[in-house]
Amino acid sequence: MTTIGETAPSKQADTREGNHRDNRSAGALLRSGAVFILLGLMLVGFAFAEPAFINIGNLMSILQAVSVVAILGAGVTVTLAVGGFDLSIGAIAASSVMAASYAMIVWQLDAFATVPLVLAFGAAIGLINAFLIVRLRVPDLLATLAIMFLLSGLQLIPTAGRSISAGLVLPDGSKAAGAYDPAFLLIGRYSFLGTLPVSVLLMGIVALVLYVLTERTRIGRLLFATGGNEVATRLAGASPARLKTLAYVISATLASLGGMVIAARVGRGDVSSGGSLLMDAVAAALIGFAVLNLRRPNVLGTLVGAVFVGVLLNGLTMLNAPYYTQDFVKGAVLVGALALTYGLGRNLDR
């Protein structure tokens, strides 16, 4: 027969277990939504402080501004999936800006020849990265760092360090007779129905294609398996070398696409373009680890991370925050988002 003294401790244990489950549920919810919570708070706060922030034109300008970072970040995400890292994406994007400009202004090519040429250039750089990493066994950080320095110098040689624009005087003293193809400029300047920029559409297409590739296909599962355990990948009948090569080719090709978007937006080959792209793209990809508590590379998270940073910088600009404080505020907010995801949320699980 059960006594009162025996029942009370049992009920207390059940209550403690129930509270523990509630805490774990709250922790999981907080970790999953920390970035979205902060993003929502920023949207509300900036809209309250500056009503113009929330109009459709400004929101589209935010997406347009982050489109290149998101495209490059998606490429970084794929290399992270195979356990690698691509430090050359910023230099590839900057070199692609110069390559596209040189092709049209010096070689007088049109958009339909320039676009595949520049994409092929990016894919070739990806193959070189893969050759160094996969065949020569150079650590990925060192290999892509070397390519970054190589491209940073190479892009300056054809024009003797000058930016490329119509009427460019070449090193031999002749003057370039070409100009930017208006069809190419549409990539960075045209908006469908006057609202949706082409670059935002490209960002959405890239995100959708890579999401399906990485999350819904066997190739995607093998990419993540390569990053986790190459031996298991081989036992599954796949080649880790080919998968890594695919990842670096995708990353470099997307970096070239991002470079063309920049070139089409500014209408010239600026030697200083792409300076901050590497860090912003890497930040977006790493923030993606915290989105939905996946704690792994994922394209959706990278897209959210890019938008997160874009909203923050746009809001600070509209509030006339001094430019020298923006990096500090961005860092502080990112630290807060990651602390909520990995720190407080984990504590609530205990």
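Our structure is the block above this text.
So, the overall build of the protein chain
Here's step 1: Scanning the protein chain from terminus to terminus reveals 13 helices and two strands.
Here's step 2: In the protein chain, buried positions account for 46% of the 350 residues.
Here's step 3: Excluding contacts between residues fewer than 6 apart, the proportion of contacts in the protein chain whose partners are at least 24 apart in sequence is 76%.

Quick notes on the nonpolar core
Here's step 1: Leu-72, Phe-184, Leu-210, Leu-254, Phe-308 and Val-311 are the most contacted members of the largest nonpolar core, which totals 90 residues.
Here's step 2: At 13 residues, the largest contribution of residues to this core is made by helix 10 (residues 240-266).
Here's step 3: Excluding residues that lie within four positions of it along the chain, Phe-184 makes contacts with Ala-100, Met-104, Ala-111, Thr-114, Val-115, Met-260, Ala-263 and Ala-264.

Quick word on helix 6 (residues 182-189)
Here's step 1: Looking at helix 6, one finds that the buried residues are Phe-184, Leu-185, Ile-187 and Gly-188. The arc that holds every buried residue of helix 6, seen down its axis, measures 135°, which confines them to one face.
Here's step 2: Packing partners of the buried residues in helix 6 comprise helix 2 (56-81), helix 3 (89-105), helix 4 (111-135), helix 7 (198-216) and helix 10.
Here's step 3: Taking the backbone nitrogen of Ala-183 as reference, a side-chain oxygen 3.0 Å away marks Asp-181 as the first, capping residue of helix 6.

A look at the environment of Val-198
Here's step 1: Along the polypeptide, Val-198 turns up in helix 7.
Here's step 2: Residues Val-198 and Gly-188, ten residues apart in the sequence, show an inter-C-alpha distance of 6.6 Å.

Quick word on the packing of aromatic side chains
Here's step 1: Applying the stated criterion to the full structure yields five aromatic pairs.
Here's step 2: Ring geometry for Tyr-180 versus Phe-184: centroids 5.9 Å apart, planes at 50°, classification tilted. Take Tyr-180 and Phe-184: they sit in the same class, and that class is buried.
Here's step 3: On the basis of an interplanar angle of 85° and a centroid distance of 5.4 Å, the ring pair of Tyr-190 and Phe-192 is categorised as edge-to-face.
Here's step 4: Relative accessible area serves as the criterion here: at 36%, Phe-192 is assigned to the partly exposed category.
Here's step 5: Residue placement shows Arg-296 over the ring face of Phe-224; its charged tip is 4.8 Å from the ring centre.

Some details on unusual backbone geometry
Here's step 1: Despite not being glycine, Ala-160 shows a phi value in the positive range, around 55°.
Here's step 2: Residue classification places Ala-160 among the exposed residues on the basis of a relative accessible area of 51%.
Here's step 3: Positive phi, close to 60°, is recorded for Asn-320, a residue that is not glycine.
Here's step 4: Locating Asn-320 in the fold gives a position in the loop between helix 12 (299-318) and helix 13 (323-349).

Describing the packing of helix 4 against helix 10
Here's step 1: Here helix 4 crosses helix 10 at 145°, and the two axes come no closer than 7 Å. Classified by chirality, the crossing of helix 10 by helix 4 is right-handed.
Here's step 2: Across the contact of helix 4 with helix 10, the residue classes tally to 16 nonpolar, six polar and one charged.

Quick notes on a nonpolar patch on the surface
Here's step 1: Together, Leu-186, Tyr-190, Phe-192, Leu-193, Leu-201, Ile-205 and Val-209 line one region of the surface with nonpolar side chains, adding up to about 690 Å² of accessible area.
Here's step 2: The element best represented in the nonpolar patch is helix 7, accounting for three residues.
Here's step 3: Checked against the element boundaries, Tyr-190 lands in the loop between helix 6 and strand 1 (191-192).

Description of the packing of helix 7 against helix 10
Here's step 1: Running from amino to carboxyl end, helix 7 crosses helix 10 at an angle of 170°, the nearest separation of the two axes being 11 Å. With respect to helix 10, the axis of helix 7 lies roughly antiparallel. On the side of helix 7, the interface is formed by Ser-199, Leu-202, Val-206, Leu-210 and Leu-213, while helix 10 contributes Ile-250, Leu-254, Leu-257, Val-261 and Arg-265.
Here's step 2: A breakdown of the residues in the contact of helix 7 with helix 10 according to their chemical character gives eight nonpolar, one polar and one charged.

Focus on the pattern of salt bridges
Here's step 1: A complete count under the given rule lists four salt bridges for this structure.
Here's step 2: Arg-296 is the partner of Glu-215 in a salt bridge, and the nearest nitrogen-oxygen pair spans 3.0 Å. On the criterion of sequence distance, the pair formed by Glu-215 in helix 7 and Arg-296 in the loop between helix 11 (277-287) and helix 12 is long-range, its members being 81 residues apart.
Here's step 3: Between Asp-270 and Arg-268 there is a salt bridge; the shortest N-O distance is 3.8 Å.
Here's step 4: For Arg-268, a relative accessible area of 33% gives the class partly exposed.
Here's step 5: Bridged by salt links that share partners, the residues Glu-230, Arg-234 and Lys-244 form one connected network.

Procedures and definitions
Residues numbered from 1 in each chain as written. Predicted model: local features only at pLDDT ≥ 70, side-chain atom pairs only at ≥ 80, totals over all residues. Heavy atoms only, no water. Helix = DSSP H or I, 4+ residues; strand = E, 2+ residues; numbered from the N terminus. Buried < 20%, exposed > 50% of the residue type's maximum accessible area, 1.4 Å probe, protein only. Contact = heavy atoms within 4.5 Å. Core = buried A, V, L, I, M, F, W, Y, C linked by side-chain atoms within 4.5 Å. Arc of directions from axis to C-beta. Polar contact = N/O pair within 3.5 Å; in protein donor to acceptor, adjacent residues only side chain to side chain. Phe/Tyr/Trp six-rings, centres within 6.5 Å; stacked < 30°, edge-to-face > 60°. Lys NZ or Arg CZ within 6 Å of the ring centre and 35° of its normal. Axes fitted to C-alpha atoms, helices over the stretch in contact; angles between N-to-C directions. Left-handed = near helix turned anticlockwise from the far one by under 90°. Nonpolar A, V, L, I, M, F, W, Y, C, P; charged D, E, K, R; others polar. Patch = residues over 30% accessible without salt bridge, like charges linked within 9 Å, V, L, I, M, F, W, Y side chains within 5 Å. Areas by Shrake-Rupley, 256 points an atom, 1.4 Å probe, with all protein chains shown as cover. Salt bridge = Lys/Arg side-chain N within 4 Å of Asp/Glu carboxyl O. Parallel < 35°, antiparallel > 145°, perpendicular 65-115°, else oblique.

Any functional reading would require information that these geometric values do not contain.
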